[in-house]
Amino acid sequence: MSTSYAECLSEGYLYELTHFHYTPHKDPFFALVREFVIANGLRSLADVGCGAGLDAQALLAAGHDVTLYDMDSPGLRYAAWRLDRDHGAHGVTRSLDLLGTEQHDLAYAVDVLEHAPEPAVLAELLFSAAEYVCVNLFEHDSGPWDGRDMHYPLNHWSLLPAFGRHGDLVQVGVSGATVVTVWRRRGR
């Protein structure tokens, strides 16, 4: 499916995100996150690129402190409303430009890197926000962006060294067609 930037800001995209949440595609990613968080006694999580916030809602219900970051959109506003209504979680949503202004134990970005025109810049922001960073990577593609949608090719030859400049790889897993990586921030 191809999604444009304008569609991402629409209410229709909110429904697409909700539908996608209830498919099994991200289950292995979040199983790895939950296992890692529990094994390492982590509490404060940053959901980067949170969309409608349904993943964060499940983690809040499991007792974690979650702050949600995304671009201003109907999805982020809906997440704020629903989390306040269902969990009394006031003020847990933030604009993406505030990422790194608050420290978390772990920042995760599931199905997000391929939406960033400069994923190495996003990697640096993720490490500025948390001790641990968890992302999933779609297949390597060194070709040019086709200019038609928000899914940029992920060139692992440049992306993995960008992550390696900021942290050490501590865990790898598989989630559907993606590879899940967990990194520990270096030098703090």
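Higher on the page you've got the structure.
Undergrad: Sorry if this is basic, but what is going on with helix H5 (residues 74-87) here?
TA: Since one α-helical turn is 3.6 residues long, residues separated by three or four positions face the same way. Taking 1.5 Å of rise per residue, 14 residues should cover 20 Å, and H5 covers 19 Å from first to last C-alpha, within 8% of that figure. Positive phi appears at Gly-88, one or two residues downstream of H5, with a value of about 65°.

Undergrad: What is the right way to look at the pairing of strand S6 (residues 167-175) in this model?
TA: Each regular strand carries side chains that alternate between the two faces of the sheet. Pairing of S6 with strand S7 (residues 178-185) involves eight bridges; the strand directions are antiparallel. Bridging from a neighbouring strand, Val-174 pairs with Val-179 of S7. Counted between consecutive antiparallel strands, the loop separating S6 from S7 contains two residues, among which Gly-176 sits at a positive phi close to 60°.

Undergrad: Explain the sheet that holds strand S4 (residues 104-109) here, please?
TA: Across a sheet, strands are paired by hydrogen bonds formed along the backbone, either parallel or antiparallel in direction. An order of S3-S2-S1-S4-S5-S7-S6 is seen for the seven strands of this open sheet, with the pairing classed as mixed. In this open sheet, the two edge strands, each paired with only one partner strand, are strand S3 (93-95) and S6. Averaged over all pairs of adjacent strands, the angle between strand axes in this sheet comes to 20°, irrespective of strand direction. Judged from the three bridges that link them, strand S1 (residues 44-48) and S4 form a sheet pairing that is parallel. Counted as the bridge partner of Asp-47 is Tyr-108 from S4. Against the sheet, helix H4 (residues 54-61) touches S1, strand S2 (65-70) and S4, its axis set at about 170° to S2.

Undergrad: Just to check I follow, could you spell out the nonpolar core for this structure?
TA: Grouped burial of nonpolar side chains is what soluble globular proteins tend to show. In this structure, Phe-29, Val-66, Leu-68, Leu-106, Tyr-108 and Cys-134 are the most contacted members of the largest nonpolar core, which totals 26 residues. Those elements that place two or more of their residues in this core are helix H3 (27-39), H4, S2, H5, S4, strand S5 (130-137) and S7. Considering every element that reaches this core, the biggest residue donor is H3, with six residues. Contacts of Val-66, omitting those with residues within four sequence positions, involve Leu-45, Asp-47, Ala-56, Leu-59, Leu-60, Val-92 and Tyr-108. Counting 22 residues, the second largest nonpolar core, distinct from the first, contains Ala-109, Val-133, Leu-159 and Trp-183.

Undergrad: Just to check I follow, could you spell out the packing of aromatic side chains for this structure?
TA: By convention here, two paired aromatic rings are described through the distance between centres and the angle between planes. Tallied over the entire structure, the rule returns eight aromatic pairs. Arranged with centres 5.0 Å apart and planes meeting at 75°, the rings of Phe-29 and Phe-30 form a pair that is edge-to-face. You'll find Phe-29 and Phe-30 in the same group, each marked buried. Between the aromatic rings of Phe-30 and Tyr-108, the centroid separation amounts to 5.3 Å while the plane-to-plane angle is 90°, which identifies the pairing as edge-to-face.

Rules used throughout
- Going along each chain's sequence as written, the residues are numbered from 1 onward.
- Given that this is a predicted model, residues contribute local features only at a pLDDT of at least 70 and side-chain atom pairs are listed and counted only at 80 or more, while totals for whole chains, interfaces and linings are drawn from all residues.
- Calculation of side-chain values draws on the structure's entire complement of heavy atoms; hydrogens and water are dropped beforehand.
- Runs of H or I in DSSP of at least four residues are treated as helices and runs of E of at least two as strands, each being numbered from the N terminus.
- By this rule the span expected of a helix is its residue count minus one, scaled by 1.5 Å.
- Pairs of strands are assigned from DSSP output, requiring at least two bridges between the strands.
- Geometry is summarised by axes, namely lines fitted to C-alpha atoms with helices restricted to the contacting stretch, and by angles between N-to-C directions that run from 0 to 180 degrees.
- In this analysis, two residues are considered to be in contact whenever any of their non-hydrogen atoms come within 4.5 Å of each other.
- As used here, the term nonpolar core means buried Ala, Val, Leu, Ile, Met, Phe, Trp, Tyr and Cys residues forming a set that is joined through side-chain atoms within 4.5 Å.
- Throughout this description, buried means an accessible area under 20% of the type-specific maximum (1.4 Å probe, protein chains only), exposed means over 50%, and partly exposed covers the range between.
- Two rings from Phe, Tyr or Trp (for Trp, the six-membered ring) form a pair when their centres sit within 6.5 Å of each other. Planes less than 30 degrees apart are called stacked, planes more than 60 degrees apart edge-to-face, and all others tilted.

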